[in-house]
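The primary structure of each chain is shown beneath.
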Amino acid sequence: GMIAVVDDTGRLVYSHNGLWNSVSPETHIHTIPYDMAFFIAGLMQPSTTVGSFAITRNVFIAANAPGSVAKADAAATVATSLDVLKNGTIIGSIDYSIGSLTGTFTLVSPVDLTAGDILQIKTRTSVDATLRDLTITIAGCAQTTNCSTT
């Protein structure tokens, strides 16, 4: 069998075949929050990419992006949807209802992003004349090992 303990120096060690071995902290995988933030200043133009984010590590976004936030400084006078794209393919939307300063997220399926992918927000063919100054954060999770600056 194998058992892991902390030795008297604070190191994590495990016993395997009667020998004690150190566990390197770099081998531990941690799930961390990975937030993708966008600010879209002013009024939007139709059929335009208004936000782009380069992914730097593998990221998972759950269906409907729980924990994500979309706010506007001025509300829409007509229902307005923005497309969310992964590498140019629509994966969901951010929807503002009439009079609301808060958008809701629609991602029908969970989304896996890998380092190098591009996440974008794009307007549709018509845009609202008053919806402006959007602050959007899409919440995801990433896995990483312990980081070292040395």
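Please refer to the structure higher up on the page.
All of the points below concern the structure found in this document. (Residues numbered from 1 in each chain as written. Predicted model: local features only at pLDDT ≥ 70, side-chain atom pairs only at ≥ 80, totals over all residues. Heavy atoms only, no water.)

Before going further, it helps to examine the pairing of strand β12 (residues 118-123). Regular strands place their side chains on alternate faces of the sheet. Here 5 bridges tie strand β5 (residues 49-54) to β12, and the two strands are oriented antiparallel to one another. Within the sheet, the bridge partner assigned to Ala 54 lies in β12 and is Ile 118. For strand β8 (residues 80-86) and β12, the ladder comprises 5 bridges, and the chain directions are antiparallel. In the sheet register, Asp 83 faces β12, and the bridge partner there is Lys 122. (Pairing = 2+ DSSP bridges. Helix = DSSP H or I, 4+ residues; strand = E, 2+ residues; numbered from the N terminus.)

What follows concerns the packing of aromatic side chains. In the structure shown here, the tally under the stated rule is 2 aromatic pairs. Arranged with centres 6.2 Å apart and planes meeting at 85 degrees, the rings of Tyr 34 and Phe 53 form a pair that is edge-to-face. With Tyr 34 in strand β4 (residues 29-40) and Phe 53 in strand β5, this pair connects stretches of sequence that are 19 residues apart. The same class applies to Tyr 34 as to Phe 53, namely buried. (Phe/Tyr/Trp six-rings, centres within 6.5 Å; stacked < 30°, edge-to-face > 60°. Buried < 20%, exposed > 50% of the residue type's maximum accessible area, 1.4 Å probe, protein only.)

Among the nonpolar cores identified, the biggest contains 28 residues, and Met 36, Ile 61, Tyr 96, Leu 134, Ile 136 and Ile 138 are the most heavily contacted of them. Breaking this core down by element, the ones donating at least two residues are β4, β6 (59-61), β7 (69-74), β8, β9 (89-96), β11 (111-113), β12 and β13 (132-145). (Core = buried A, V, L, I, M, F, W, Y, C linked by side-chain atoms within 4.5 Å.)

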